[in-house]
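A look at the structure
Take a look at the letters that make up each chain.
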Amino acid sequence: MTHTLPLPEFTHERVEVITGPRSGLFLTVALHSSALGSALGGARLWTYPHWSDALGDALRLSAAMTLKNAAAGLDAGGGKSVIRLEPGQTLDADQRRAAFLDLGDAVQSLGGLYRTAEDVGSTAEDMLTVSERTDHVVGLPDAAGGAGEPAGPTSLGVYESLRATLERVTGSSQIAGTRITISGLGQVGSRLAQRLCAEGAILTVTDVNPAKKESATRLGATWVTPGTERHVPGEVFVPAGVGGVLDDETIDALAVKAVCGPANNPLAERSGADRLAARGILYAPDFVVNAGGVIYLDLEAKHHGTREEIMQRVSGIGDTLRRIFDDAEASGTSPLVAAERLAAERLDAARGARV
């Protein structure tokens, strides 16, 4: 379940909120910005205590997608869709199909201003269902001629971001012998854990799903009880689960030099970036770190380069982060402010060109 987070300032272009006519589920599509082009952001199928929590998550995530796509240099705006499950609710195959057909209709109603893709709780196969109702969907299965699973590119971007972050706080980008803690072993976190262990990292991991412990042990990682990972000393803490985990209490408990991970909106409050800085902990902004998947999906959909060329572009996330760290140091601001400034420059230029 997502942590309760404050609502963002409402600067969205359009927000659709419906009860799915087939599924009966609460569903929202939030279009934050199309200044740089058709918005791109995934469809989240997740459990929320109340429908307003699902709406708030869509508003936050869509605004973060605007920053992510702009900072990544994509000609794509920011949007997000959320399908809400009630606590304890599960879907059988027919109900799941109904939910994603409803999503397809909702996406189609925006007339191409928003393109959806898989996200937490959804799959490439779900996007194939969405494609029955709209063409404005990316990340279809490979077998259907689509780009397939974006978790691999996302994981690569996080890996390159980790190397850039380590370089800044330790003087070396070497993974071997580095103490890293990963909180969350989903599609991205598990891929990252495998790569880091293979390169000799001293890895500590956790996940709310206790079944993940066995795979962590096979990797050679140390498993800790969820909620205790913030106390583990090391070089980098990697939030790779739900948003809002970096509240004041967690930040004050961290015993690391840096935070760098793929979780969306990991800061419970924006002031957390300053709190981390005050403790001497370098923060790598999430919307820069986790942009590998959206870079891959957008460029694949637009046929901008071979897959090898696109993955090279994903690897460049590390260099983007290095520039952000340099800018933050030169201007005396946090990396979060520097990353937002990078995104704002592209957005302002695009809006100016429209006038």
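Residues numbered from 1 in each chain as written. Predicted model: local features only at pLDDT ≥ 70, side-chain atom pairs only at ≥ 80, totals over all residues. Heavy atoms only, no water.

1. Brief notes about the environment of Gly 73
Among the secondary structure elements, Gly 73 is positioned in the loop between helix 1 (51-71) and strand 5 (77-85). Measuring from C-alpha to C-alpha, the distance between Gly 73 and Gln 312 comes to 14 Å, with 239 residues separating the pair along the chain. Excluding anything up to four places from it in sequence, Gly 73 contacts Arg 313 and Arg 346. (Helix = DSSP H or I, 4+ residues; strand = E, 2+ residues; numbered from the N terminus. Contact = heavy atoms within 4.5 Å.)

2. Things to note about the nonpolar core
Counting residues in hydrophobic clusters, the biggest one holds 74 residues, and the most contacted among them are Ile 182, Leu 196 and Leu 203. Top contributing element to this core by residue count: helix 4 (residues 151-170), with 7 residues. When neighbours within four sequence positions are excluded, Ile 182 is seen to be in contact with Gly 189, Leu 192, Ala 193, Leu 196, Leu 203, Thr 204, Val 205, Thr 206, Val 238 and Ala 240. Counting 20 residues, the second largest nonpolar core, distinct from the first, contains Val 29, Leu 45, Ala 99 and Tyr 114. (Core = buried A, V, L, I, M, F, W, Y, C linked by side-chain atoms within 4.5 Å. Buried < 20%, exposed > 50% of the residue type's maximum accessible area, 1.4 Å probe, protein only.)

3. Quick notes on the side chain of His 32
Relative to the helices and strands, His 32 is located in strand 2 (residues 26-33). Classification of His 32 by relative accessible area gives buried; the value is 11%. Side chain to side chain, His 32 and Thr 11 meet in a polar contact 2.8 Å long. (Polar contact = N/O pair within 3.5 Å; in protein donor to acceptor, adjacent residues only side chain to side chain.)

4. Digging into the packing of aromatic side chains
For the structure shown, the criterion picks out 1 aromatic pair. Considering the side-chain rings of Phe 26 and Trp 51, the 5.8 Å spacing of their centres and the 35 degrees angle between planes classify their relative orientation as tilted. With Phe 26 in strand 2 and Trp 51 in helix 1, this pair connects stretches of sequence that are 25 residues apart. Residue Phe 26 is classed as buried on the basis of its relative accessible area, which comes to 12%. A residue is classified by how much of its surface remains accessible, and Trp 51, at 41% relative accessible area, is partly exposed. The cationic tip of Arg 195 hangs over the ring face of Tyr 159; the distance from NZ or CZ to the ring centre is 3.7 Å. (Phe/Tyr/Trp six-rings, centres within 6.5 Å; stacked < 30°, edge-to-face > 60°. Lys NZ or Arg CZ within 6 Å of the ring centre and 35° of its normal.)

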